[in-house]
Amino acid sequence: MIQAFGLTSNPRKELPPAVDDVSFEARAGRVTALLGAPGAGKTTALRLMLELQQGRGVTYFRGRPLRRIAHPSREVGVLLGDVPGHPARTVRSHLRMLCAAAGVPVRRADEVLEVVGLVSLREERLGTLSRGMDRRLGLACALLSDPHTLVLDDPVGGLSSRESRWLYGMLRAHAHQGGTVLITATDPKETARTADRIVTLEEGRLVADQEAADFSRTRLRPRVAVRTPHAARLATLLTKEARTAQRSVEVVREGGSRLSVYGSTCADVGETAFRHGILVHQLADEIGDMGPGAGEACPDAPQATEGGHRLDTIREPCTAAHGPASATAPGAAKAQPKPPVDEPPSDVAAFRPEASDGTDRSPSTVAHEGHLDPGGACEVPSPLAQDGQADQGEVGETRLVAEADHSGALEPDSAGAADVSDRPATSAHTSADGATTGQPSAGVALHPAKGASPQGPTRLRPAAGVTTRNALSELPPPISVRPAPSPLRPLRYELRRAAGVGTGFLTGAAVLVVSALTAALLARVGHTPQHRLLAAWPQELPLPPAALGAGLLGAFAFGDEFRHPALAADRGTVPRRLGLLAAKLVVSAATALLLAFLTVGCDAEVLYLLYGRELAQVPADWLPLSASWFGLVIGCAWAGVLAAGIFRSTTAGLAAVVAVPVVVVPLVQKALEGPAVRTAAGFPLRLREGLLLQWPFGGERYLSAAARMIVQPVGGALTLSLMALLCAYVLTTLRSRVR
């Protein structure tokens, strides 16, 4: 199960926090929905729970915070937004790459493809998938590690009704197997049909935490939709008949010729219209949405009263209301049964303040009881007097009231008590005419004082020992952004990443073609040494095509990660871990070696075909030349990897490769100008004497060749550049960990 306590995002400059003290539970075996209008704070709450955003609060996944779970992807499957894969990668290749990152067998990719129904599209590229197929792929990625908990942000956004039903069926099946499912939604009616428990957010605050049945009963009311050119006359007649028959009927003007009648039936409305000769264009039963946004109402909504008791209400339409839902005036409340409140776990008692008498002073209890006003006293509205002649069949029915003086009034239920648990927390202040108006809460609720009158507004005094919440308990612990996990099998991941798209193959083919053409042109012109001819490296170019291609492939290794962050889809960044860096360096070095070997082979073959065997002969000093050639290509590849990892861009990686011969080499040459007082002659001999063990297979010769390569301007510049980039990468990694 999921237990979230005190989720609060950091304030945004002068704006209030997007999420303010939200606490709820999502139990195993059930589908829990965070419901709210766009901008209500649903996505921010999920990011705080997953430690993807800084703030305050604590979230437990089966009793443990996410940062203390060894492999979070195996505990929580996450889908936030679209699947950020490379558009040229196939569906199957993408999942196989993520299998290596999660450390699960590769056959798991085919299993989840079959589960989500994408077997026939496994060779389709990600860039060609429709919205519905993308949602299926996102669900497959979330299920890849077989997690216990699924956290999905608006999973049916933009889907057709058929795709939505299929997706909800998948989530329901996961819950039936004992898993926990938490989703966000904006449609109250659809959410009531598909979720087991609904947590309603409005402007970043929790306004209701109900079972789906309670939500449907209290926030989705049946109504009669009427469309007639004589809307005002029919509304007046319905109001008059309801008053005469002592029935509780609410008539809402939706605008133009539309009416919404609550507490009546199509038959009653139709008979009234027929008796008075009123033309009706539409008469149908509907479900009225009283969910998020229903509290935005017109301030000039009139109320029909008789003898001080409300029997029915006629309200004018409000353009600010969302959809066809009837709206309440500011501060209005609905009298409804109080939803059950789960007991908090013992390990979070520090965040649930209690009064001196042991009474629970938790945020959820505070929201149900009323709130402390700035003066230190708490006022809560008492139940209004009920009409003794009210129809007994209407006992317990909830009502909404909108008064012309903009005040919120509470209508009594059968028990004579009003509950405001499903609306934003407000404290009620008494106006001069006896009505109650909603005011912002100060954050703490108090129990009614003894001897308080049950009639009219009642002022309550703080009990002994009761103080504010901030004085009773510390703030929830801060939430630090959890770093993205490194692939569990980085080498396998990097191999599948590099081979999963055709960019590397196209780059290699282009390098071979350009190198062969350059070698042919240089041989035709002449005046080019043979070793440069085989490498296709003219004097005018800073680097040969093979070195530039190796640097570009190295830059792609990290550049594509930041452009399409499959490893950290919910963060938009890539983990800078030394294991992942080592894997990328190994794969890029192997790719560079293969490219260098193929380049020399293709150039030699082209020269042999065009000009004969003379230009294709192997040089006498082929060993040091080969070492220098392979070192140059590998160095360029590593420079591209490190620069792209530091600057998060493929272009920056390639620029760093080109900058070595253009900028660094002239600086090294200038530093080495002038006569040398001492030389390193006899270095191999002194090295062999300084070591106790003998080098096997003449290893001192190779070490001497490597030293000569480093002493050269290009080799020295490349070595210095690699050392600087490596140090910068390590410092960047350490800085991110410290943060």
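Residues numbered from 1 in each chain as written. Predicted model: local features only at pLDDT ≥ 70, side-chain atom pairs only at ≥ 80, totals over all residues. Heavy atoms only, no water.

As a further point, take the overall build of the chain. Across its full length, the chain holds 21 helices and 21 strands. Within the chain, the fraction of its 739 residues that count as buried is 48%. Long-range contacts, defined here as pairs at least 24 residues apart, represent 75% of the contacts in the chain between residues at least 6 apart. (Helix = DSSP H or I, 4+ residues; strand = E, 2+ residues; numbered from the N terminus. Buried < 20%, exposed > 50% of the residue type's maximum accessible area, 1.4 Å probe, protein only. Contact = heavy atoms within 4.5 Å.)

Most of strand β2 (residues 22-26) is tucked away: 4 of the 5 residues are buried. Bridging between strand β1 (residues 2-9) and β2 involves 4 bridges; their strand directions are antiparallel. Counterpart to Ile 2 in the pairing with β2 is Ala 26. (Pairing = 2+ DSSP bridges.)

So, about the side chain of Glu 51. Among the structural elements, Glu 51 can be located in the loop between α1 (42-49) and β4 (55-61). We classify Glu 51 as buried; its relative accessible area is 7%. The residues touching Glu 51, leaving out its near neighbours within four places in the chain, are Leu 66, Arg 67, Ile 479, Ser 480, Val 481 and Arg 482.

Here the focus is helix α16 (residues 578-611). In a regular helix each residue adds 1.5 Å, so 34 residues correspond to 50 Å; α16 covers 48 Å between its end C-alpha atoms and thus fits that length. Phi for Gly 612, located one or two positions after α16, is positive at around 95 degrees. (Expected span 1.5 Å × (residues − 1).)

Averaged over every residue, the pLDDT of the chain is 74; residues scoring 70 or more account for 67%. Here residues 291-473 is modelled with pLDDT under 50, and outside its nearest four sequence neighbours on either side it reaches 351 contacts, counting other chains as well. (pLDDT = per-residue confidence, 0-100.)

All right, on to the packing of helix α15 (residues 545-563) against α16 then. One can describe the packing of α15 onto α16 by two numbers: an axis separation of 9 Å at closest approach and a directional angle of 155 degrees. Judged by the inter-axis angle, α15 sits roughly antiparallel to α16. Judged by the sense of rotation from one axis to the other, the crossing of α15 with α16 is right-handed. On the side of α15, the interface is formed by Ala 546, Gly 549, Ala 550, Leu 553, Ala 557, Phe 558 and Glu 561, while α16 contributes Leu 580, Leu 581, Lys 584, Thr 591, Ala 592, Leu 595 and Thr 599. Counted by class, the contact of α15 with α16 contains 9 nonpolar, 3 polar and 2 charged residues. (Axes fitted to C-alpha atoms, helices over the stretch in contact; angles between N-to-C directions. Parallel < 35°, antiparallel > 145°, perpendicular 65-115°, else oblique. Left-handed = near helix turned anticlockwise from the far one by under 90°. Nonpolar A, V, L, I, M, F, W, Y, C, P; charged D, E, K, R; others polar.)

Turn by turn, an α-helix covers 3.6 residues, leaving residues three or four places apart pointing in a common direction. Between its first and last C-alpha, helix α8 (residues 231-244) extends 20 Å over 14 residues, near the 20 Å set by a 1.5 Å rise per residue. By the burial criterion, the buried members of α8 are Ala 231, Leu 234, Ala 235, Leu 237, Leu 238, Thr 239 and Ala 242. Positive phi appears at Gln 246, one or two residues downstream of α8, with a value of about 55 degrees.

It is worth spelling out the pattern of salt bridges at this point. Taken as a whole and judged by the stated rule, the model has 20 salt bridges. Asp 196 is the salt-bridge partner of Arg 172, the closest N and O atoms lying 2.6 Å from each other. Here Arg 172, found in helix α5 (residues 161-176), pairs with Asp 196, found in the loop between α6 (188-194) and β8 (197-202); they are 24 residues apart in sequence, far enough to count as distant. Between Arg 197 and Glu 211 there is a salt bridge, with its nearest N and O atoms 2.6 Å apart. Placement of the pair is Arg 197 in strand β8 and Glu 211 in strand β9 (residues 205-211), with a sequence separation of 14 residues. Here the residues in one salt-bridge network are Arg 30, Arg 197, Asp 209 and Glu 211, joined through shared partners. (Salt bridge = Lys/Arg side-chain N within 4 Å of Asp/Glu carboxyl O.)

The next subject is the sheet that holds β1. Strand order in the open sheet formed by 4 strands is β2-β1-β4-β21, and the pairing between neighbours is antiparallel. Edge positions in the sheet fall to β2 and β21 (478-479), since each of these pairs with one other strand and no more. Where β4 lies against β21, 2 bridges are found, and the strand directions are antiparallel. Across the sheet, Gly 55 pairs through a bridge with Ile 479, a residue of β21. Helix-sheet contacts for α1 involve β1, β2, β4 and β21, and the interaxial angle to β1 is about 115 degrees.

Time to look at the packing of aromatic side chains. Under the definition given, this model contains 3 aromatic pairs. For the pair Phe 5 and Tyr 60, a centre-to-centre distance of 6.4 Å together with 65 degrees between the ring planes defines the contact as edge-to-face. Note that Phe 5 is positioned in strand β1 and Tyr 60 in strand β4, a separation of 55 residues in sequence. When its relative accessible area of 5% is taken as the criterion, Phe 5 is described as buried. (Phe/Tyr/Trp six-rings, centres within 6.5 Å; stacked < 30°, edge-to-face > 60°.)

Time to look at the packing of α8 against helix α9 (residues 266-275). Close contact between α8 and α9 brings their axes to 10 Å; oriented N to C, the two are set at 115 degrees. In this view, α8 runs roughly perpendicular relative to α9, as classed from their interaxial angle. By crossing handedness, the relation of α8 to α9 is classed as right-handed. Residues Leu 234, Leu 237, Leu 238 and Glu 241 of α8 touch α9, and the partners they reach there are Val 269, Thr 272, Ala 273 and Arg 275. A class-by-class count of the residues in the contact of α8 with α9 yields 5 nonpolar, 1 polar and 2 charged.

A sheet is described by the order of its strands in space; here 6 strands give the open sequence β5-β6-β7-β3-β8-β9, paired in mixed fashion. Each of the sheet's edge strands pairs with one partner strand only, and the pair in question is β5 (76-80) and β9. Ignoring which end each strand starts from, the neighbouring axes of this sheet average 15 degrees apart. Summarising the sheet, β8 and β9 pair through 6 bridges and their orientation is antiparallel. By the bridge assignment, Thr 200 is partnered in β9 with Ala 208. Against the sheet, helix α7 (residues 212-219) makes contact with β3 (31-35), β8 and β9, and its axis sits at roughly 110 degrees relative to β9, the strand it touches most.

As a further point, take the nonpolar core. Counting residues in hydrophobic clusters, the biggest one holds 89 residues, and the most contacted among them are Leu 95, Leu 137, Leu 139, Leu 171, Ile 183 and Phe 558. Ranked by the residues each element gives to this core, the list is headed by helix α17 (residues 622-647), at 12 residues. Membership of the second largest hydrophobic core comes to 25 residues, among which are Phe 24, Leu 46, Leu 50 and Leu 201. (Core = buried A, V, L, I, M, F, W, Y, C linked by side-chain atoms within 4.5 Å.)

This part is about the pairing of strand β10 (residues 220-227). When you tally the buried positions in β10, you get 6 out of 8 residues, the bulk of the element. Note: β10 against strand β12 (residues 258-262), 5 bridges, orientation antiparallel. Bridging from a neighbouring strand, Ala 225 pairs with Ser 260 of β12.

When you line up the elements, Thr 599 lands in helix α16. The residues touching Thr 599, leaving out its near neighbours within four places in the chain, are Val 511, Leu 512, Ser 515, Leu 534, Ala 546 and Trp 629.

This brings us to a nonpolar patch on the surface. A cluster of nonpolar side chains, Leu 548, Val 658, Val 662, Val 663 and Leu 667, forms an exposed patch at the surface whose accessible area comes to about 390 Å². Considering every element that reaches the nonpolar patch, the biggest residue donor is helix α18 (residues 650-671), with 4 residues. Its location among the elements puts Val 662 in helix α18. (Patch = residues over 30% accessible without salt bridge, like charges linked within 9 Å, V, L, I, M, F, W, Y side chains within 5 Å. Areas by Shrake-Rupley, 256 points an atom, 1.4 Å probe, with all protein chains shown as cover.)

Positionally, Leu 726 belongs in helix α21 (residues 713-738). A relative accessible area of 34% means that Leu 726 is categorised as partly exposed. Sequence-wise, Leu 726 and Leu 642 are 84 residues apart; in three dimensions their C-alpha atoms are separated by 6.5 Å. For Leu 726, the residues in contact, after removing those within four places along its chain, are Leu 581 and Leu 642.

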